[in-house]
Amino acid sequence: MSNSTGVLYVVATPIGNLADIGQRAVDTLRQVDLVVAEDTRHSGRLLRHLGITTSLAACHEHNERAAVDGLVARLRAGSDLALISDAGTPLVSDPGFRLVRAARAAGVSVVPIPGPCAAIAALSVAGLPTDRFVFEGFLPARHAARVARLETLVGETRTLVFYEAGRRLGACLADLCAVFGADRPAVLARELTKLHETVLDERLDELAARVAGDPDQARGESVLLVAGAPEQPGDVALEVGRLLETLLEEGITVSRAAAIAARVSGMSKRELYARAQALHDAQHSPSG
Ligand code: SAM
């Protein structure tokens, strides 16, 4: 495959069902000089399944910075490389950004071999608007940081797409309910393409209750999609978040802050109470 400078192929691999690998992906993984993988043991199993014997090298979040120079040197010397991650499309909440940026800066051709991506698969079946959406990846792991991030997104009118690990799903849904309001439509797309594939299409409070009441619903890997906020003139929802935050910082009680914000905005006091409570908890959370 190589001429003077090599090519970096960015190859999507399955997100569960191995039959989802594309023919071009298989051909590329077979023909390149080296497959650069997030976890060589994990990807070794995929290559063996495909009958591919190409050598593997590791490039993951802990060594990417150090590995990039050597990999770009190999590309410049004429080797063709394929970058893969543990699942789906590399660089989508996965390593590879530094390698791709460095390869492009070195004048190396970077070629996509598209295929599975959990966010796109989830959007394709959720039944939420997909003409405009925003990919938010993983929310912060800690409650206070998560509430703060959600507060910046509360007025977002595009469909929101989050990745979430099973163990944090319940806490994440509880915070989404508090900040976005219990009745926001949402979709939980879990274990896509796998045996226990489930797509639940409910309000945020219904999803939160279902996950809280049935630990099986939090198992495995999930994409959480949330309908965008209704269009509101001047981003009222965002402004109200700032108002609540300021009132609470001034020592005003949660109930009083919610009442003031409701009067100013015309929004429901019940909804604002839940947001104010989440903000208050986040401001006073010992873990930050
Ligand atoms: N690069 C991958 C992609 O293209 O989707 C995503 C990698 S990211 C480290 C892993 C997260 O993707 C999981 O925590 C989950 O949120 C989501 N994910 C991956 N596979 C999934 C699946 N089969 N069903 C639902 N979500 C999945």
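The residue count restarts for each chain, going from 1 along the sequence in the order it is written. This being a predicted model, a pLDDT of at least 70 is required before a residue's local features are given, and a value of 80 or more before pairs of side-chain atoms are given or counted; all residues contribute to the totals for chains, interfaces and linings. Side-chain measures here rest on the full set of heavy atoms in the structure, leaving out hydrogens and waters.

Student: Please clarify how the sheet that holds strand β6 (residues 133-138) should be interpreted in this entry.
Tutor: Strand pairing in a sheet relies on backbone hydrogen bonds. The paired strands run either parallel or antiparallel. Spatially, β6-β7-β10-β8-β9 is the arrangement adopted by the five strands of the open sheet, whose pairing is mixed. Every interior strand has two partners, whereas the edge strands, β6 and β9 (198-203), have only one. On average, each strand axis in the sheet is tilted by 20° relative to the strand beside it, whichever way the strands run. Inspection of the sheet shows strand β8 (residues 185-190) paired to strand β10 (residues 221-226) by five bridges, in the antiparallel sense. Within the sheet, the bridge partner assigned to V187 lies in β10 and is L225. By the convention used here, strands pair only if DSSP detects at least 2 bridges between them. The secondary structure listing takes helices from DSSP runs of H or I that are at least 4 residues long and strands from runs of E that are at least 2 residues long, numbered from the N terminus. To define axes, lines are fitted to C-alpha atoms, for helices over the stretch in contact only, and angles between the resulting N-to-C directions are given on a 0 to 180 degree scale.

Student: Looking at this model, I keep getting lost on the pattern of salt bridges. Mind explaining?
Tutor: Pairing between side chains becomes possible if they bear opposite charge and their charged atoms approach one another. Basic side-chain nitrogens of Lys or Arg form a salt bridge, by our definition, when they fall within 4 Å of a carboxyl oxygen of Asp or Glu. Tallied over the entire structure, the rule returns 10 salt bridges. Between E156 and R158 there is a salt bridge, and its shortest N-O distance comes to 2.7 Å. A simple rule labels every residue: compare its accessible area, found with a 1.4 Å probe on the protein chains alone, to the largest value its type can have, and call it buried under 20%, exposed over 50%, or partly exposed in between. The exposure class assigned to R158 is partly exposed, which follows from its relative accessible area of 30%. Here K194 and E191 are joined by a salt bridge, their closest N and O atoms 3.3 Å apart. Relative accessible area serves as the criterion here: at 13%, E191 is assigned to the buried category.

It is worth stressing that arrangement in space is one thing and function is another; only the former is reported here.
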